[in-house]
2 protein chains.
Amino acid sequence: MISRFSYGHVIETEAILQKPAAENGALPFLTVDEASLSLTYSMDDNDKVYGLGENVRGINKRGWIYQSKCSDEAQHLEDRRSLYGAHNFFVVSGKETFGIFVDYPGILTFDIGYTRYSELKITASDWNLDVYVITGSDVKDIIHQFRQLIGRSFVVPKWAFGYGQSRWSYMSEDEIREVVRKHRELQIPLDSVYLDIDYMDRYKDFTLNNETFPDFADFNQEMKEDHIHLVPIIDAGVKQEEGYPVYEEGLKKGYFCTKEDGSPFVAAVWPGKALFPDMLNKEARDWFGEQYKFLLDQGVEGFWNDMNEPAIFYTEDRLKEVLDKIDDYKDRNLDMNEFGEMTALVGSLSNNTKDYTRFYHNIQGEKVSHDRVHNLFGYNMTRAAGEAFERLEPDKRILMFSRSSYIGMHRYGGIWMGDNKSWWSHILLNLHMLPSLNMCGFLYTGADLGGFGADTTEDLMLRWLALGIFTPLMRNHSALGTRRQEAYQFENMDGFRHIIGLRYRLLPYLYSEYMKAVLNDEMMFRPLAFDYPDDRHAKAVEDQLLLGDGMMIAPVYEQNADGRYVYLPESMKQVRFSADGTVEETILPAGHHFVEIPLTDVVLFIRPNHLIPLSKGGQCVDEVDFEALTFLSYVTEGNEAVYTYYHDDGYEKDYENPAHLSEIRISSNGTVTK
Amino acid sequence: MISRFSYGHVIETEAILQKPAAENGALPFLTVDEASLSLTYSMDDNDKVYGLGENVRGINKRGWIYQSKCSDEAQHLEDRRSLYGAHNFFVVSGKETFGIFVDYPGILTFDIGYTRYSELKITASDWNLDVYVITGSDVKDIIHQFRQLIGRSFVVPKWAFGYGQSRWSYMSEDEIREVVRKHRELQIPLDSVYLDIDYMDRYKDFTLNNETFPDFADFNQEMKEDHIHLVPIIDAGVKQEEGYPVYEEGLKKGYFCTKEDGSPFVAAVWPGKALFPDMLNKEARDWFGEQYKFLLDQGVEGFWNDMNEPAIFYTEDRLKEVLDKIDDYKDRNLDMNEFGEMTALVGSLSNNTKDYTRFYHNIQGEKVSHDRVHNLFGYNMTRAAGEAFERLEPDKRILMFSRSSYIGMHRYGGIWMGDNKSWWSHILLNLHMLPSLNMCGFLYTGADLGGFGADTTEDLMLRWLALGIFTPLMRNHSALGTRRQEAYQFENMDGFRHIIGLRYRLLPYLYSEYMKAVLNDEMMFRPLAFDYPDDRHAKAVEDQLLLGDGMMIAPVYEQNADGRYVYLPESMKQVRFSADGTVEETILPAGHHFVEIPLTDVVLFIRPNHLIPLSKGGQCVDEVDFEALTFLSYVTEGNEAVYTYYHDDGYEKDYENPAHLSEIRISSNGTVTK
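What counts and what doesn't
- Residues numbered from 1 in each chain as written.
- Chains lettered and ligands numbered in written order.
- Predicted model: local features only at pLDDT ≥ 70, side-chain atom pairs only at ≥ 80, totals over all residues.
- Heavy atoms only, no water.
- Least-squares fit on C-alpha atoms with pLDDT ≥ 70 in both.
- Contact = heavy atoms within 4.5 Å.
- Pairing = 2+ DSSP bridges.
- Helix = DSSP H or I, 4+ residues; strand = E, 2+ residues; numbered from the N terminus.
- Axes fitted to C-alpha atoms, helices over the stretch in contact; angles between N-to-C directions.
- Buried < 20%, exposed > 50% of the residue type's maximum accessible area, 1.4 Å probe, protein only.
- UniProt positions renumbered as here; feature names shortened; annotations may be inferred.
- Domains from an automatic or database assignment.
- Buried area = accessible area lost by both parts, 1.4 Å probe.
- Salt bridge = Lys/Arg side-chain N within 4 Å of Asp/Glu carboxyl O.
- Polar contact = N/O pair within 3.5 Å; in protein donor to acceptor, adjacent residues only side chain to side chain.
- Nonpolar A, V, L, I, M, F, W, Y, C, P; charged D, E, K, R; others polar.
- Patch = residues over 30% accessible without salt bridge, like charges linked within 9 Å, V, L, I, M, F, W, Y side chains within 5 Å.
- Areas by Shrake-Rupley, 256 points an atom, 1.4 Å probe, with all protein chains shown as cover.
- Lys, Arg positive; Asp, Glu negative; His and termini not counted.
- Charge placed at Lys NZ, Arg CZ, Asp CG, Glu CD.
- Core = buried A, V, L, I, M, F, W, Y, C linked by side-chain atoms within 4.5 Å.
- Parallel < 35°, antiparallel > 145°, perpendicular 65-115°, else oblique.
- Left-handed = near helix turned anticlockwise from the far one by under 90°.
- Expected span 1.5 Å × (residues − 1).
- Arc of directions from axis to C-beta.
- Phe/Tyr/Trp six-rings, centres within 6.5 Å; stacked < 30°, edge-to-face > 60°.
- Lys NZ or Arg CZ within 6 Å of the ring centre and 35° of its normal.

Our next topic: the relation of the copies chain A and chain B. When chain A is fitted onto chain B, the two copies agree to an RMSD of 0.0 Å after a turn of 180° and an axial shift of 0.0 Å. One copy is carried onto the other by what is essentially a two-fold rotation axis. Most of the interface of chain A is mirrored in chain B: 100% of its interface residues are interface residues there too.

Written as structure tokens, this is what we have:
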């Protein structure tokens, strides 16, 4: 059951398209204190808290203070409170079990046992918010209801389940040809190459560098013939440059965010001084969405939206202030306080919260300060694109994922998990975010495999890929200045070929589970706690996930480990894929196990009376035969495994066509019935 | 067997006091390439590499590139290459097993399977180095030989094994009285309170703030009567201030480091502009050591040396350069490259490697550029103190530990593990560094419990303390601006009292093992791999340690965990100490176990036929009766446990007096014989 409680004058987020009528009674579970702008819940020692989408720390969010404040936060350290998204949905599971969604576009704090171990406290920045309380038969039911409420998740084209190679940046057509050639030569499957900011003419959205990408439409076509999709990046800021049509048109029509006096708000991002399209103004959003046509017309079928928290390197006004102040420090004997102030001044230029109070949106004629709607910006940039794709390419699936997001955006695109690091700890963070994001409707997601910032190592790359083969978005991405990390940069080509190749063997299952999760408003990745609510230890497991109907995954995330511990809440079949091509199946009893997992092995688990369809693999998604299946299964005596297989052509949008669904049965003697 | 190979003109580090004669033959194991200033070893897939003292990552150092370059590095991120110390000793264990110590005071790089998984490569900055190759019967024997070579480790007074409370900073005598009062009232044991930089008069070494610490000698006496030792910090830089005697005398006598032209080198640190005493010049070192007398005379019996990498906030010359350059960025439309340059300029002011090339030491009359001997600075600052203590207080043990270090310094002081963070991952890093540091002679060590930077949580504090009770230095320390983290700031007083109290019960064992490790040149903390070399899985265990003769520890280092997995290479007795006072003993078979460990339980393991003496505890070390012992033991049928117990008064220096040693035996029927 879902109840909405409304406080103050709510700014519409459109996270929820059909709002239930607001209740008049008292808010259940939470204590409301308007004076402190807070909602409080008293937790038992055994209460666990799940959700908050993209954020730091564990699956169980207890023991930290989080903030919904979309942030360009490239470190993802344990002590950060925000990442790129704002996902205000969580479920408390324990003495009472209920879900809460705070629909609120401003900055919101969730103190989940940080200040006091037994207290959960939500604090808003003002008292204009909708609070949804969801109760149900169990955690999964609560989440299912919430997912129904927020609407169906975005669907990607099937090729977007292939392996993608990215780098900030591949600088030219020839460099990309070389990346593709090496993958093809080494028989490392590949479906996409990502274009980071340098494909543009001086970082101007919807332009091309004519020197390095002189024949983009032809090049795009050439790549497609090799089954490679090029996926360009689009940034939030539009360069301020005379003669640049996007800038000039936007300015003329008043589509950019303004300062209080109505003059354009100028912030520096990649292109230098730039203006932010007012994504919260419907007309401006439509206009911005229309710009993607420039690339669609050249054959592009996928995009990623970046810098849309929005990130700000500096604002014109603030830079002047800071440089003037620094003058005061010249020719003086600075004491350490003054020195600290001086360096802090420079450090405060980028992504300064104060800058978010200095510009305004035009929301249906009302001038609204950005900070009040901060968390809606990236969402509406991606919505601009998604709505435009519906108009421009109504019959085609266009890949789209974003860095910043708010619940509601899941209807228009996926997200990647932002600019992470080549740290072992970020494999586990990748795993932790999968179920939290699924709870909030984000199904197409994944992390920058191998790590974006910092230098990777061969073993980190292999271990991370062994998780990445299970995530819908499977992309190897890394930053300027870091060690190159395309598979072919390393030595163990058999290992890379094996692990990435296995992704393609798993595609029938992964794609089927993704589509069913979309169509049924379910989670693709779930903590063990959700499926085994009566298993006390399952609730503490933070490094294994259930994947779809019948699979459990348990990746290795520690350097130099020879394997890892795995907890089985019930007997499961362990399946080991080794680089020599062998597939070893072992039935393990319920309980704790140490499983040896050499660097190039991948191990997964099948739940009893379940099956997993496998393809023969391929060098790209187009090569994978989704009908010529083999099966892994674990069927106990006298039982059968029944699997609902979703299979479509991966390009059309008739998702609900019943012809896409079929049933596969395997009996305990191994007989397969389709 | 130890062989020394000498290349070029070696700068004397005095890491080793009695050097063996240099060999003439070829260097075994390693391939020498003088052209690339490197030494290379080809590793097998199963080779493991231990050592490098204080650094990031695991016990097995394979899979990363490390640098010996003492650095003020307060994040300890996975991708860093250096921390505060330079500890150039490691052991390769595998197809060939050998130890290498590169005695070299400049910057040295250890690429241990980073660039190529199979290659270990050491690269120096110039070709003047001593390489020691050590072979032996096994890893422990190699380390034992190395430890004999570098000389006996520093011994602390026994009170330094008590719990210490620190904060940057306790600002006054009254604030410290309050800290002590609360511990005493709540019956949380305490032996020391640390004075961070604010006790001084404007950060001038060997001064006191007369307003906040008006009667320091009396206050020190008052604290001692309550069994509290005050431990002040000493910084490396001496404030440049007319009328400040330390500055004036040092300047007059030429004891400070100079620029190339002989004028004093001025760097800004806490006191603002400051000069570095030339710790590598024997006369200057003697003089600096003598300064500690100011505090010794007021009853101080312990110190910590900080900022001695040396950390530099900025140098006068470079600050001027940077501020002048920033002028050029004013009133211009900065593109992102220029903006990046501008912020990088400011970011490069602190701890800039170039500054280390701009000042000089006077080493026996020779002018030596600091960068060539960089890693010896902190070592020699602590040596200055240690040598002075021998002169000034020959009969007394004075506590000393340092932030920066080099091998050799272990004879003069311990180290703390530097400015860590309130991150769960730093509990494990704390554990990883214990054996690596022990290998290099650093026995008195520990991390800032609860974390120095960032905000801690109650559960992090409790879990970290549950490791900290086993480390010789057990200190709760945190930074200015972070959440207060004295035990009494939290709610679960029973939990804190229990865990910290257990430290005092364990003291007879911990102190005895520490002293035996010192006297016998052994490790107090060892990886399982060292004691169970034939156990394949033991070599991969990175989160358990053997502690002394008969104990194994396995702390919880993950938030919200209900316990952890523990690997037993042989049957052991699990001992569980719960907050309600119960002690539960369970014999577990060899193999893998999941052990439930609630937040306030401490679990340890006893090896077969070993015993652990326990005291009754106390509120301070003085209160602990080291003779009224009870015993935990695990004795199998027909066997006995024999323990060599070291026990002295903890203050005198007659370490080798045979009266300190006694033997305790427990038979399988529980009979104790002393």
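Turning our eyes to something else, we now look at the sheet that holds strand β1 (residues 2-7) of chain A. Residue and element names in this part refer to chain A. Taken in spatial order, the five strands of this open sheet run β1-β11-β8-β7-β4, and their pairing is antiparallel. Only two strands of the sheet have a single neighbouring strand rather than two, namely β1 and β4 (48-51). The average angle at which neighbouring strand axes cross in this sheet is 20°, direction not considered. By the bridge criterion, four bridges tie strand β7 (residues 89-93) to strand β8 (residues 98-103) in an arrangement that is antiparallel. Counterpart to Val-91 in the pairing with β8 is Gly-99. Relative to the sheet, helix α1 (residues 139-150) contacts β1, β7, β8 and β11 (129-134), its axis offset from that of β7 by approximately 160°.

Let's shift gears to the environment of Tyr412(A). Tracing the backbone through its elements, the reader meets Tyr412(A) in the loop between β23 (405-406) and β24 (414-416). The exposure class assigned to Tyr412(A) is buried, which follows from its relative accessible area of 14%.

What follows concerns the UniProt feature "domain: EF-hand" (unreviewed entry) in chain A. Taking the UniProt record as the reference, the feature "domain: EF-hand" (unreviewed entry) is found at residues 314-349 of chain A. Taken end to end, residues 314-349 of chain A comprises 67% helix and 6% strand; its first and last C-alpha atoms sit 5 Å apart.

This brings us to the sheet that holds strand β15 (residues 238-239) of chain B. Spatially, β15-β17-β16-β19 (chain B) is the arrangement adopted by the four strands of the open sheet, whose pairing is antiparallel. Every other strand in the sheet has two partners, leaving β15 and β19 (314-315) of chain B as the edge strands with one partner each.

Turning next to the domain arrangement of chain A. Residues and elements named next belong to chain A. By the assigned domains, chain A splits into domain 1 (2-150), domain 2 (161-240 + 271-311 + 374-505) and domain 3 (510-673). One C-alpha centre belongs to domain 1, the other to domain 3; they are set 31 Å apart. Taken together, the 11 residues of domain 1 in the interface contact 14 residues of domain 3. With both chains or domains summed, domain 1 and domain 3 bury close to 1,100 Å², and 61% of this area falls on carbon and sulfur atoms. Considering only the surface of domain 1 that becomes buried against domain 3, Ile-59, Lys-140 and Arg-147 emerge as the three largest contributors, covering 49% of it. Counting the contacts that link domain 1 with domain 3 gives one salt bridge. Its salt-bridge partner being Lys-140, residue Asp-531 comes within 3.2 Å of it at the nearest N-O pair. Our count for the contact surface shared by domain 1 and domain 3 stands at seven residue pairs in polar contact (both at pLDDT 80 or more). Of all the secondary-structure elements, those providing two or more residues to the side of domain 1 that touches domain 3 are β4 and α1. Among the elements that line the side of domain 1 that touches domain 3, the one with the most residues is α1, at six residues. Classifying every residue of the side of domain 1 that touches domain 3 by side-chain character gives four nonpolar, four polar and three charged.

Here we come to the interface of chain A and chain B. The interface of chain A with chain B comprises 64 residues on the first partner and 64 residues on the second. Overall, the association of chain A and chain B removes approximately 5,500 Å² of surface from exposure, summing both partners, and the carbon and sulfur fraction of that is 52%. Taken as a group, Met336(A), Asn560(A) and Tyr565(A) account for 12% of the area that chain A buries against chain B, more than any other trio of residues on that side. At the boundary of chain A and chain B, one finds 10 salt bridges. Of the charged contacts in the structure, one is a salt bridge between Asp324(B) and Lys330(A), with a shortest N-O distance of 2.9 Å. At the boundary of chain A and chain B, one finds 34 residue pairs in polar contact (both at pLDDT 80 or more). Secondary-structure elements contributing two or more residues to the side of chain A that touches chain B are β16 (266-269), β17 (272-275), α7 (316-327), α8 (336-347), α11 (458-468), β31 (563-568) and β34 (591-596) of chain A.

Residues and elements named next belong to chain A. Here β4 shows a buried face lined by Lys-48 and Tyr-50 and a second buried face lined by Val-49 and Gly-51. Pairing between β4 and β7: four bridges, direction antiparallel. Across the sheet, residue Tyr-50 finds its bridge partner in β7, namely Val-91.

A cluster of acidic side chains, namely Asp395(A), Asp649(A), Glu652(A) and Asp654(A), defines a negative patch on the protein surface. Mapped onto the elements, Asp654(A) comes out in the loop between β38 (640-646) and β39 (661-667).

Let us now look at the side chain of Arg62(A). Along the chain, Arg62(A) falls in the loop between β4 and β5 (64-68). No salt bridge forms around the buried Arg62(A); measuring N to O, its nearest opposite-charge neighbour Asp45(A) is 4.8 Å away. Within the structure, the side chain of Arg62(A) is placed 2.7 Å from the backbone oxygen of Tyr117(A), a separation counted as a polar contact. Leaving out residues up to four positions away in the same chain, Arg62(A) has contacts with Met43(A), Asp44(A), Asp45(A), Asn46(A), Asp47(A), Val49(A), Ile112(A), Tyr117(A), Ser118(A), Gln559(B) and Asn560(B).

Okay, the environment of Leu473(B) next. Residue and element names in this part refer to chain B. Here Leu-473 is to be found in the loop between α11 (458-468) and β27 (474-476). According to the relative accessible area criterion, Leu-473 is buried, its value standing at 1%. On a C-alpha basis, the gap between Leu-473 and Thr-445 in space is 5.1 Å, while along the polypeptide they are 28 residues apart. When sequence neighbours within four positions are dropped, the list of residues in contact with Leu-473 reads Tyr-194, Phe-401, Ile-415, Trp-416, Tyr-444, Thr-445 and Gly-446.

To continue, consider the nonpolar core. Counting residues in hydrophobic clusters, the biggest one holds 208 residues, and the most contacted among them are Phe89(A), Ile176(A), Phe288(A), Tyr292(A), Phe303(A), Phe470(A) and Tyr514(A). Element by element, the count of residues in this core is highest for helix α12 (residues 493-520) of chain A, at 15 residues. When near neighbours in sequence (up to four residues on either side) are disregarded, Phe89(A) contacts Tyr50(A), Gly51(A), Leu52(A), Gly99(A), Ile100(A), Phe101(A), Ile134(A), Ile143(A), Phe146(A), Ile407(A), Met439(A) and Cys440(A). Among the nonpolar cores identified, the runner-up in size contains 207 residues, and Phe90(B), Val139(B), Ile234(B) and Ile415(B) belong to it.

In this section: the pairing of strand β31 (residues 563-568) of chain B. All names here are of chain B. Taken across its six residues, β31 has six buried, putting it largely inside the fold. In the sheet, β31 pairs with strand β34 (residues 591-596) via six bridges, with the strands oriented antiparallel. Pairing of Tyr-567 across the sheet is with His-592, part of β34.

With that settled, the discussion passes to the packing of α11(B) against helix α12 (residues 493-519) of chain B. A pair of packed helices is captured by two measures, namely the crossing angle of their axes and the spacing between those axes. Residue and element names in this part refer to chain B. Running from amino to carboxyl end, α11 crosses α12 at an angle of 15°, the nearest separation of the two axes being 9 Å. One finds that α11 runs roughly parallel with respect to α12. As α11 runs across α12, the sense of the crossing is left-handed. Contacts between α11 and α12 involve Glu-458, Met-461, Leu-462, Leu-465, Ala-466 and Gly-468 on the former and, on the latter, Gly-495, Phe-496, Ile-499, Ile-500 and Arg-503.

Once that is clear, we can look at helix α7 (residues 316-327) of chain B. For α7(B), which comprises 12 residues, the first-to-last C-alpha distance of 17 Å matches the rise-based estimate of 16 Å (1.5 Å per residue) to within 8%. Among the residues making up α7(B), those that are buried are Arg318(B), Leu319(B), Val322(B), Leu323(B) and Ile326(B). Looking straight down α7(B), one finds that the buried residues subtend no more than 130° of arc, so they occupy a single side. Where α7(B) is buried, its residues meet α7 and α8 of chain A together with β19 and α8 (336-347) of chain B.

For the coordinates displayed, the defined rule picks out 95 aromatic pairs over all chains. When the ring of Tyr247(B) is compared with that of Phe256(B), the centres are 6.4 Å apart and the planes differ by 25°; the resulting orientation is stacked. Exposure remark for Tyr247(B): the relative accessible area of 7% places this residue in the buried category. What makes Phe256(B) buried here is its relative accessible area of 6%. Counting every residue linked through ring pairs, the aromatic cluster contains Phe161(A), Tyr194(A), Trp304(A), Phe401(A), Trp416(A), Tyr444(A), Tyr511(A), Tyr514(A), Phe626(A) and Tyr646(A). One Lys or Arg, Lys204(A), reaches over the ring of Tyr244(A) and ends 5.2 Å from the middle of that ring. Stacked on the ring of Tyr194(A), the Lys or Arg Arg475(A) has its end atom at 4.8 Å from the ring centre.

Right, let's get into α8(B). Relative to the 16 Å expected for 12 residues at 1.5 Å per residue, α8(B) spans 16 Å between its end C-alpha atoms, a close match to the ideal helical length. Where α8(B) is buried, its residues meet β16, β17, β19 (314-315), α7 and α8 of chain A together with α7 of chain B.

Let us now look at the side chain of Gln291(B). Its location among the elements puts Gln291(B) in helix α5 (residues 282-291). Residues within four places of Gln291(B) in sequence aside, it is in contact with Phe206(B) and Val246(B).

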